[in-house]
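Geometric and topological summary
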Amino acid sequence: MSHQRWMIYGANGYTGDLVARLAVSRGSRPLLAGRNAAAVRALADELGLDHVVFDLRDPAATRQHLAEVDVVAHCAGPFVATSGPMVQACLDTGTHYLDVTGEHPVFEAVLARDADARAAGVVLLTGAGFDVVPTDCLANLLHAALPDATALELAFAAPGGLSRGTATTGLAMNAKGGWRRIAGTLVPTPIGTPARDVPFPSKVRRVGSVPWGDLVTAHHSTGIADIVVYTRTAAPGLLQKLIRFAPVRALAARAIKRQPPGPSAETRAATKCEVWGEVRNAAGEVRTATLTGPNAYDLTADAMHRAAEHLLAGTGGRAGGAVEAGAHTPATAFGHDFVKSLDRVLVSEPSGGR
């Protein structure tokens, strides 16, 4: 990896910890950061890394520390609260930005800073983890196979359980209901509706629609106007009715806090993710493809580290390698083959007809 320095902010969280450990195992030495001094210091001491402590609510301190690095891997959620201050500090200091958000308002907000990022010579790459590397790359692979596609459907299966951060974010997002993209516009849709059977590589699964990030990112990267994303959901009516009540959400949030930080190493090793995608054009032509990979959190750590490597590969670390300055999804930054570079990921070639 390049000698240029990069930072993992939120390194003491579940995902940040995975990214840090994987990076060290590959010979990289990121600077660890976060606002929990004791936790960040403990991880840095264990891994033999430097660390800094600062709060994103302190803009001066944030700019001071980001000015010392070329790339920040932002792993501290909830991103709807933390991404804005981090992005602004990156624009102010000329630091490339990566995050692992799954929140579509964050995707929209980051992608909306494209002109600012170009002016600052900065790469803003949102969704550099399981949300949305595999789905965004598969969508763009399919779009390349059928360039006049007007409709995109994506489905994913990611067993093994959720981290506390993911579960907390998901609770807040699901309380707002579901979405689909129809004729280019996000349209409110009950979670789980529509539903369909999807032929994943391992077996056919019944899945329902969910407000996944590709409703924003795949629309941005492919231009396709009609998009639905599916995964396994609870009964649509029951789910939406219950989580709209604040007391129910509060009970669920307390239950989440009592859970382990995230899936154990053994659970991650025993589970894998699967993604299916289909595009269709106005003439009725169809192309489909699938992807299999490791547990979603292992894929996230791998993607985040490799993305940081790519951005550090340019002259002085500031050019972002072959990535043009601006706001990006994974596929617009690195191309749809980026996902194929990740460990234990297999992607089928697009197939289909009329």
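Here goes a summary of the coordinates provided. Values in this document were obtained by computation on a predicted structure and should not be read as measured data.

A tally of regular secondary structure across the protein chain gives 14 helices and 16 strands. Within the span of the protein chain, comprising 354 residues, buried residues form 53% of the whole. Taking as baseline every contact in the protein chain between residues at least 6 positions apart, the subset at least 24 positions apart corresponds to 72%.

The next thing to look at is the sheet that holds strand E2 (residues 31–34). Ordered by their spatial adjacency, 7 strands build an open sheet running E3-E2-E1-E4-E5-E6-E15, and the pairing between neighbours is parallel. Of all strands in the sheet, those bounded by a partner on one side alone are strand E3 (51–53) and strand E15 (326–328). With strand direction ignored, the average angle separating the axes of adjacent strands in the sheet is 15°. Pairing geometry for E2 and E3, over 3 bridges, is parallel. Bridge pairing in E3 places Gly34 opposite Val53.

Okay, the environment of Gly178 next. Mapped onto the elements, Gly178 comes out in strand E8 (residues 178–182). For Gly178, a relative accessible area of 5% puts it in the buried group. Distance from Gly178 to Val210, taken between C-alpha atoms, is 5.6 Å for residues 32 residues apart in sequence.

Let us look at the pairing of strand E5 (residues 96–99). Residues His96 and Leu98 of E5 are buried on one face, and the alternating residues Tyr97 and Asp99, pointing to the opposite face, are buried as well. Pairing analysis gives 4 bridges linking strand E4 (residues 71–74) to E5, with the strands arranged parallel. Across the sheet, residue Val72 finds its bridge partner in E5, namely Tyr97. Handedness of the crossover joining E4 and E5 through helix H4 (residues 79–93) is recorded here as right-handed. Sheet topology note: the E5/strand E6 (residues 123–125) ladder contains 2 bridges and is parallel. Residue pairing for E6: Tyr97 is matched across the bridge by Leu124.

Okay, the packing of aromatic side chains next. Summed over the entire model, instances satisfying the criterion amount to 6 aromatic pairs. Note on Phe130 and Phe156: the rings are 5.9 Å apart at their centroids and 75° apart in plane angle, and the pair reads as edge-to-face. With a gap of 26 residues between them, Phe130 in the loop between E6 and helix H7 (133–145) and Phe156 in strand E7 (residues 149–157) connect regions that are remote in the sequence. Overall, Phe130 belongs to the buried group, its relative accessible area being 6%.

Given a rise of 1.5 Å per residue, 13 residues ought to cover 18 Å, and the 18 Å separating the end C-alpha atoms of H7 matches this to within 8%. H7 sits mainly inside the fold: 11 of its 13 residues count as buried. By the burial criterion, the buried members of H7 are Val133, Pro134, Thr135, Asp136, Cys137, Leu138, Ala139, Asn140, Leu141, Leu142 and His143.

Taken together, the buried positions of helix H2 (residues 37–47) are Val40, Leu43, Ala44 and Leu47. Around the axis of H2, the buried residues are gathered within 100° of arc, so they sit on the same side. Exposed residues on H2 whose side chains face more than 90 degrees from its buried face are Ala38, Asp45 and Glu46. At its buried positions, H2 is contacted by helix H1 (14–25), E2 and E3. Just downstream of H2, Gly48 is the residue with a positive phi angle, here 70°.

Basis of the calculations
Residues numbered from 1 in each chain as written. Predicted model: local features only at pLDDT ≥ 70, side-chain atom pairs only at ≥ 80, totals over all residues. Heavy atoms only, no water. Helix = DSSP H or I, 4+ residues; strand = E, 2+ residues; numbered from the N terminus. Buried < 20%, exposed > 50% of the residue type's maximum accessible area, 1.4 Å probe, protein only. Contact = heavy atoms within 4.5 Å. Pairing = 2+ DSSP bridges. Axes fitted to C-alpha atoms, helices over the stretch in contact; angles between N-to-C directions. Right-handed = clockwise from strand over helix to strand, strands pointing away. Phe/Tyr/Trp six-rings, centres within 6.5 Å; stacked < 30°, edge-to-face > 60°. Expected span 1.5 Å × (residues − 1). Arc of directions from axis to C-beta.

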